Amino acid sequence: MFGLNEEEWKNLNGLNTASEIYQQPELWLETLKIIETNKDNISKFINERLEKEKIRVVFTGAGTSAYVGETVVPYLSRKKGIKYEAIPTTDIVANPESYFKKNIPTLLVSFARSGNSPESVATYELANKLVDDISHIIITCNSEGKLAEISREKENVFLLLMPDKSNDLGFAMTSSFSCMTLASSLIFDLENFEENKKQIFEMESTAKYILDDKYEELKKILDYDYKRIVYLGSGSFYGISKESALKLLELTRGQIISHSESVLGFRHGPKSIVNDNTLIMLYCSTDEYARKYDMDLLNEIYNDEGEHKIISITKNYDEKINKISDHQLYLCKDSMQVDNEVFISLLYVLYAQVFALLYSVKTEVEPDNPNPSGLVNRVVKGVTIYDYNH
């Protein structure tokens, strides 16, 4: 995997993380099968709720799990007439009545790798307390976690378990993120299930190609040895830009400073981060209109003075983009049939996961346990949840 054998990854204490990144194409097919097997029950549960007037669908989670919602919501909002929102549990718990409305029917979709994060359980309980008409979909990778346990045998809760191997053993969420993202995009788009199914099979083969071969290109980018990395994207790609920046920060123990921003938002102050030691990665949109703004920013950054570098990440090879990039990463040389923005996002994010893993090794941080001091934990500790009696 990624140029090293199993024994070498063990010696680096990185076997779990490397394996969990590498196994994702296989797990995507397992996730697809889980949805297909339960399609009728999922459809019945969701449709009964979406028929309600003024229904809100709120996607929630903490950290990487929050970015699942931020990746899926732009895609669903464009396709559907429902109000989809992504609100982190970490926001909800601190200010619940800013986000939960008593008289508005709400379907709360909770994402959790372990299902044991204090904020995840607290958000579930606060929703039950503050919303008169509340339903839940819990998407988790741990069948024995607290969220899975409290959700069983409740009429207003649908528990959707991800493949067992998606419950990542490494510190950073990788398989868990992509499986939950894939699952949530599928269950709210069941009328297009057969078309999405075809795309997932092509997506799986493309992912294998990236993981088996394209990491060599990432090694060349790694040779720049820059200490500031910026990820940019719009729509669903803004969600994965946040996840990409977090992966790098986590797996290098903060030795590499990472930042994320929307394509248009970058000029409004955040561009100040750019110096001669900065690498900018821009996830190029597959939408023709949004892509115009990507091109403008690529051209601007490429022609700015300084030693910074701009990397474009595209669906297909694009000669125009290549001319205004220091390096272009692409999923396919010619054309591919995958046009679902969420699916493209999951292919894009493979580059970021592998890049973070390789940079972890370069900075001599153990990928499976980048924070041995316990300053940051795999499952958050030290959070006190207070009673809410308003």
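To keep things clear, this report deals only with the structure shown in the data block. (Residues numbered from 1 in each chain as written. Predicted model: local features only at pLDDT ≥ 70, side-chain atom pairs only at ≥ 80, totals over all residues. Heavy atoms only, no water.)

**Examining the sheet that holds strand β1 (residues 56–60)**
No. 1: Spatially, five strands are ordered β2-β1-β3-β4-β5 in an open sheet, and the strand pairing comes out parallel. Looking along the sheet, the strands with just one partner apiece sit at the ends: β2 (83–86) and β5 (157–161). When the angles between neighbouring strand axes are averaged without regard to direction, this sheet yields 15°.
No. 2: Note: strand β3 (residues 106–112) against strand β4 (residues 134–140), seven bridges, orientation parallel. When the sheet's bridge partners are listed, Thr 106 is paired in β4 with Ile 134.
No. 3: Packing of helix α10 (residues 175–187) onto the sheet brings it into contact with β1, β3, β4 and β5, and relative to β4 it is tilted by some 140°. (Pairing = 2+ DSSP bridges. Helix = DSSP H or I, 4+ residues; strand = E, 2+ residues; numbered from the N terminus. Axes fitted to C-alpha atoms, helices over the stretch in contact; angles between N-to-C directions. Contact = heavy atoms within 4.5 Å.)

**What to know about the side chain of Lys 214**
No. 1: Inspection of the secondary structure puts Lys 214 in helix α11 (residues 193–222).
No. 2: For Lys 214, a relative accessible area of 3% corresponds to the buried category.
No. 3: Looking at Lys 214, its side chain comes within polar contact range of the side chain of Glu 217, at 2.8 Å.
No. 4: With near-sequence residues (within four places) excluded, Lys 214 lies in contact with Tyr 209, Tyr 330 and Tyr 351. (Buried < 20%, exposed > 50% of the residue type's maximum accessible area, 1.4 Å probe, protein only. Polar contact = N/O pair within 3.5 Å; in protein donor to acceptor, adjacent residues only side chain to side chain.)

**Describing a nonpolar patch on the surface**
No. 1: On the surface, Leu 264, Tyr 289 and Tyr 293 cluster together to form a nonpolar patch covering roughly 310 Å² of accessible area.
No. 2: Structurally, Tyr 289 can be placed in helix α13 (residues 288–303).
No. 3: Exposure remark for Tyr 289: the relative accessible area of 54% places this residue in the exposed category. (Patch = residues over 30% accessible without salt bridge, like charges linked within 9 Å, V, L, I, M, F, W, Y side chains within 5 Å. Areas by Shrake-Rupley, 256 points an atom, 1.4 Å probe, with all protein chains shown as cover. Salt bridge = Lys/Arg side-chain N within 4 Å of Asp/Glu carboxyl O.)

**Observations concerning the environment of Glu 305**
No. 1: Relative to the assigned elements, Glu 305 resides in the loop between α13 and β9 (309–316).
No. 2: A relative accessible area of 80% means that Glu 305 is categorised as exposed.
No. 3: Residues Glu 305 and Asn 275, spaced 30 residues apart in sequence, show a C-alpha to C-alpha distance of 9.7 Å.

**Description of the packing of aromatic side chains**
No. 1: Following the criterion strictly, the structure yields 14 aromatic pairs and no others.
No. 2: Between Tyr 231 and Tyr 283, the aromatic rings sit 6.0 Å apart at their centres with planes inclined by 20°, giving stacked as the arrangement. Here Tyr 231 is found in strand β6 (residues 228–232), whereas its partner Tyr 283 is found in strand β8 (residues 278–283), with 52 residues between them in sequence. Tyr 283 carries the same exposure label as Tyr 231, and that label is buried.
No. 3: Centre to centre, the rings of Tyr 317 and Tyr 330 are 5.5 Å apart; their planes meet at 75°, and the pair counts as edge-to-face. Taken together, the residues span a long stretch of sequence, with Tyr 317 in the loop between β9 and α14 (319–323) and Tyr 330 in strand β10 (residues 327–332) at a distance of 13 residues.
No. 4: For Tyr 330, a relative accessible area of 16% puts it in the buried group.
No. 5: Taken together, the aromatic side chains of Phe 59, Tyr 84, Phe 111 and Phe 188 make up a single cluster linked through ring pairs.
No. 6: Geometry around Phe 45 places Arg 49 over its ring, the cationic atom sitting 3.7 Å from the centre. (Phe/Tyr/Trp six-rings, centres within 6.5 Å; stacked < 30°, edge-to-face > 60°. Lys NZ or Arg CZ within 6 Å of the ring centre and 35° of its normal.)

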